[in-house]
Amino acid sequence: MELLLSNAALCLVAVATIATAAVALSLRGIVHATLLLVPAWFGVAAFYLWADAQFIAFAQVLVYVGAISMVALFAVLLTRAGGGAPEPVRAQLSVPGAVVAAAVAVTLVAAVLNTPFDAVAPAGVAAGDAAKVWNPSQPPPPVVPERAVAAIGRSLVEKYIPELLAAGVLLTVALLGAVLLAASPKTDTATGNAA
Amino acid sequence: MNSLHLCLLFSSLLFCVGLGAAFSRNGAIFVLLGVELMLNAANINFIAFWRHLPATATATTGGAAAGAETVTAAGAGVIFALFSIAVAAAEAAVGLALIIAVYRHRRGTDLAESTELRG
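Throughout, a residue's number is its position along its own chain's written sequence, starting from 1. Whichever chain is written first is A, and whichever ligand is written first is 1; the rest continue in order. Totals for whole chains, interfaces and linings use all residues, but because this is a predicted model, local features are given only for residues with pLDDT of at least 70 and pairs of side-chain atoms are given and counted only at 80 or more. As a rule here, side-chain values come from all non-hydrogen atoms in the structure, and water together with hydrogens is ignored.

Participant: Any chance you could explain helix H2 (residues 28-52) of chain B here in plain terms?
Facilitator: An α-helix turns once per 3.6 residues; consequently, residues spaced three or four apart project the same way. Here H2(B) spans 37 Å end to end across 25 residues, near enough to the 36 Å set by a 1.5 Å rise per residue. Whether a residue is buried, partly exposed or exposed follows from its accessible area with a 1.4 Å probe, protein chains only, as a fraction of its type maximum: under 20%, in between, or over 50%, in that order. Counting from the N terminus, the helices are the DSSP runs of H or I reaching at least four residues and the strands are the DSSP runs of E reaching at least two. In terms of residue burial, H2(B) counts as a mostly covered element, since 19 of its 25 residues are buried. By this rule, a helix spans an expected 1.5 Å times one less than how many residues it contains.

Participant: Looking at this structure, how should I read the confidence of the model for chain B?
Facilitator: Residues shown with low pLDDT carry predicted positions that ought not to be read at fine detail. Residues and elements named next belong to chain B. Residue-level confidence of the predictor is what pLDDT reports, using numbers from 0 through 100. On average, residues of chain B carry a pLDDT of 80, and 81% of them reach 70 or more. The least confident element of chain B, judged by mean pLDDT, is helix H3 (residues 56-61) at 43; the most confident is helix H1 (residues 3-24) at 92. Between residues 57-72, whose pLDDT stays under 50, and residues either more than four places distant or in other chains, the model counts 15 contacts. In what follows, a contact means two residues having at least one pair of non-hydrogen atoms within 4.5 Å.

Participant: Sorry, what's going on with the pattern of salt bridges here?
Facilitator: Opposite charge on two side chains permits pairing when their charged atoms draw close. A side-chain nitrogen of Lys or Arg and a carboxyl oxygen of Asp or Glu constitute a salt bridge if their distance falls within 4 Å. Here the structure, examined in full by the defined rule, presents one salt bridge over all chains. The closest approach of N and O atoms between A:Asp52 and B:Arg51, which form a salt bridge, is 3.0 Å. Here the residue A:Asp52 occupies a position in the loop between helix H2 (30-50) and helix H3 (54-78), and B:Arg51 occupies one in helix H2, the pair thus bridging two chains. Of the two residues, A:Asp52 and B:Arg51, neither departs from the other in class, the shared state being buried.

Participant: When you look at the confidence of the model for chain A in this model, what are you seeing that I'm missing?
Facilitator: All names here are of chain A. Looking at chain A, pLDDT values average 80 and 73% of them are 70 or higher. Scored below 50 in pLDDT, residues 121-128 makes eleven contacts in the model with residues more than four places away or belonging to other chains. Confidence drops under a pLDDT of 50 for residues 190-195, and excluding neighbours within four residues, the segment shows zero contacts in the predicted structure.

Participant: Mind showing me how you'd approach the packing of aromatic side chains here?
Facilitator: Centre-to-centre distance and the angle between the planes together describe a pair of aromatic rings. Stacked, edge-to-face and tilted labels apply to pairs of Phe, Tyr and Trp rings (six-membered ring for Trp) whose centres lie within 6.5 Å, assigned for plane angles under 30 degrees, over 60, and everything in between, in that order. Per the counting criterion, the structure on display carries five aromatic pairs over all chains. Judged by centre distance (5.8 Å) and plane angle (25 degrees), the ring pair of A:Phe47 and A:Trp50 falls under stacked. A residue pair is termed a helical-turn pair when its members lie 3 or 4 positions apart in one helix, as A:Phe47 and A:Trp50 do in helix H2 at three residues. Ring centres of A:Phe47 and B:Phe10 lie 5.6 Å apart, and the angle between their planes is 65 degrees; this geometry places the pair in the edge-to-face category. Of this pair, A:Phe47 sits in helix H2 while B:Phe10 is found in helix H1, placing the two residues in two different chains. Note on accessibility: A:Phe47 and B:Phe10 belong to one class, buried. Criterion for a charge above a ring: Lys NZ or Arg CZ within 6 Å of the ring centre, and within 35 degrees of the ring normal. The ring of B:Phe30 is capped by B:Arg25, whose NZ or CZ atom sits 3.7 Å from the centre of that ring.

Participant: Whenever I open this one, the environment of B:Leu9 confuses me. Can you help?
Facilitator: Within the fold, B:Leu9 resides in helix H1. In sequence terms B:Leu9 and B:Asn45 are 36 residues apart; their C-alpha atoms lie 9.8 Å from each other. When sequence neighbours within four positions are dropped, the list of residues in contact with B:Leu9 reads A:Val109, A:Val112, A:Leu113 and B:Met1.

Structure below.
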């Protein structure tokens, strides 16, 4: 019963997220598409909450809803063509693209459905003991949120400190590069014209 | 069919929505949003396997150390997803800056018309 309710909640979140994303990406106006993707990001965050990954859920909301949607809206406003006419969907491009996406979807769904994840046993555990380690017909044991967040924070600054520093350097370099790319190159064109 | 199957179906379909958008849309920002959606589907897979599969690292160590090892190994999927989100943020920033640069150069973000490498 508990598993049924949990799976029903997952299906609800999944259908809402996929439907929102599909409608958003098939809209003609890009401002509406960007805004309609916000519920899709929230849907993915809801999935993370469902999976007891609260830390990732809040990171998802901060990064995608807070940052990426806003940056995308800025890009939309900065690259608005004069008339502001909605960009048309290319007919000759959209049919093969949809066919390829549907083929990939069929392949992935068939692969997932044909994989018996019950048979997956950790290395070193006999196949008969796998049921003791993980029983797929039962929901996985819940994770205590405070302890999980504390453990993630501690492992970030203890075990994964080189990776954390590398991510910080990557973000700094990427943002500096983004500023350099997007900055108005007035001096460059002036010298280029002079030369 | 168990909840891991449902998670994987969810991420597969979300991936294909993003793939369809990246293939069939013509605006550069739409393509970038489709790529972001595909990255999200990959993150969903990290979290789904972290949640549903037992940590394999624990079984090999065994004994009394297994309990302590479970904590760190159980966090690996979450840490991976966290760094993946950080890289996705960097990618979005650079991608949108590139779109702005292309727009300034060509006065448009139509990908079918942006055929020159010369800049």
